[in-house]
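# Notes for the structure review
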Amino acid sequence: MLFPIKSYFNFLWHSTNEHGVHSPFVFNLLTKCFYDKKPKPEYQILKNYRKSLLENKNFIEVTDFGVGSKVFKSNRRQISKIASTAGISPKRAELLFRVTNYFQPKNILEIGTSLGLATSALALGNTKAKVITLEGCPQTADQCQLQLQKFNLDNVDSVVTEFDSYLQDIKLRLKTETENFDLIYFDGNHSKKATLAYFELLLPTINNDSVWIFDDIHWSPEMEQAWEIIKNHPKVKVTIDTFQWGFVFFRYEQEKEHFVIRA
Ligand SMILES: C[S@@+](CC[C@H](N)C(=O)[O-])C[C@H]1O[C@@H](n2cnc3c(N)ncnc32)[C@H](O)[C@@H]1O
């Protein structure tokens, strides 16, 4: 329990805002996207999407994956409880919407759907994009699909799969064809081993403008180690640590530089 608190104080000590940033690419991202306070009509859709899940008192049988839940003891779980504990926060969903809207990625991959609270932000951020979202639990994925239909978010392809098997399939496909993701949101298995394995498996899908977002980079000492390894990878050029999220950019023309930013 002490670890995230210590880690947060360390983050605050090192963090800055746009005033400490000289890179035009990062400065623009902060001022035009991260710190954009203007209201957006899509925020109301995100709110309604969440509200309808929070009002859903039905139970589903959840298949547990990854590092396990710190909140639930049983696998029979109420939808409203999953929505209130497992998904992206309202503020983060708005930021994810803005980031997607700012970069206008065409092909988006989300690793870890749950009930689609982040998926809806990705789908609304660029309605012309194709969003592929991966979830291993069939009943959770079913609920998410119903929810996406209810809100007419028809640019989402929801895939029920164990992450590793889907990513291994991509690796096989890449032998004969190209596959690019312009934005990837990693929010599934928050372990060092899985994070680094997914990082390596997906590296062949990058292009110059790819944006990768890793959730919970300070969740545990192991996740912080994974984040350090990712930052030091030779293909990684710019990173932004916002405490909750680690942003990774591969821009070939850019000097390697790491930012710690209060978002
Ligand atoms: C933190 S939740 C995703 C939250 C979602 N992105 C949001 O913000 O609403 C992670 C999800 O990934 C799924 N998951 C975890 N490890 C998995 C694995 N190895 N394969 C498939 N699904 C997995 C879990 O079932 C869970 O629903």
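The shown structure was predicted, so the numbers you read here are calculated from the model rather than taken from an experiment. (Residues numbered from 1 in each chain as written. Predicted model: local features only at pLDDT ≥ 70, side-chain atom pairs only at ≥ 80, totals over all residues. Heavy atoms only, no water.)

## Notes on unusual backbone geometry
Going by this rule: By definition, any uninterrupted DSSP run of H or I lasting at least four residues is a helix, any uninterrupted run of E lasting at least two residues is a strand, and each is numbered from the N terminus. Burial classes follow relative accessibility: with a 1.4 Å probe on protein chains only, a residue under 20% of its type's maximum area counts as buried, one over 50% as exposed, and anything between as partly exposed.
Located in the positive-phi region is S114, a residue other than glycine, with phi close to 50°. You can see S114 is positioned in the loop between β3 (107-111) and α6 (117-125). You will see that F243, though not glycine, has its phi angle at about 75°, which is positive. Among the residues examined, F243 registers a relative accessible area of 17% and is labelled buried.

## Overview of the pairing of strand β7 (residues 211-215)
For a regular strand, side-chain orientation follows a simple rule: the groups alternate between the two sheet faces. As a reminder, the rule being used: Being paired, for any two strands, means DSSP has found at least two bridges between them. Place the viewer so that the strands point away; then a crossover is right-handed whenever the path from the first strand over the helix to the second strand goes clockwise.
When you tally the buried positions in β7, you get five out of five residues, the bulk of the element. Across four bridges, the pairing between strand β6 (residues 183-186) and β7 is parallel. By the bridge assignment, I184 is partnered in β7 with W212. Handedness of the β6-helix α9 (residues 192-202)-β7 crossover: right-handed. For β7 and strand β9 (residues 245-249), the ladder comprises five bridges, and the chain directions are antiparallel. Across the sheet, the residue bridging to D215 is W245, located in β9.

## Observations regarding the nonpolar core
Put simply, the rule is: The criterion is simple. A nonpolar core is a set of buried Ala, Val, Leu, Ile, Met, Phe, Trp, Tyr and Cys residues joined through side-chain atoms within 4.5 Å. In this analysis, two residues are considered to be in contact whenever any of their non-hydrogen atoms come within 4.5 Å of each other.
Membership of the largest hydrophobic core comes to 50 residues, with the highest contact counts inside it found for F34, L96, I213, I240 and F247. Every residue in contact with L96, bar those within four places of it in the chain, is listed here: I88, A118, A121, L122, Y185, I213 and W245. Core analysis: the next-biggest nonpolar cluster, separate from the first, contains 29 residues, V159, I170, I184 and I217 among them.

## Regarding the sheet that holds strand β8 (residues 238-241)
Condition: To get an axis, a line is fitted to the C-alpha atoms, and for a helix only the part in contact is used. The angle between two axes follows their N-to-C directions and goes from 0 to 180 degrees.
Read across the sheet, eight strands follow the order β5-β4-β3-β6-β7-β9-β8-β10 without closing on themselves; strand pairing throughout is mixed. Two strands in the sheet have a free side with no partner beyond their single neighbour: β5 (156-160) and β10 (257-260). Across the sheet, the mean angle from the axis of one strand to that of its neighbour is 15°, orientation sign disregarded. Docked against the sheet, helix α8 (residues 163-173) engages β3, β4 (130-135) and β5, running at close to 135° with respect to β4.

Read these as layout, nothing more, since geometry by itself doesn't imply function.
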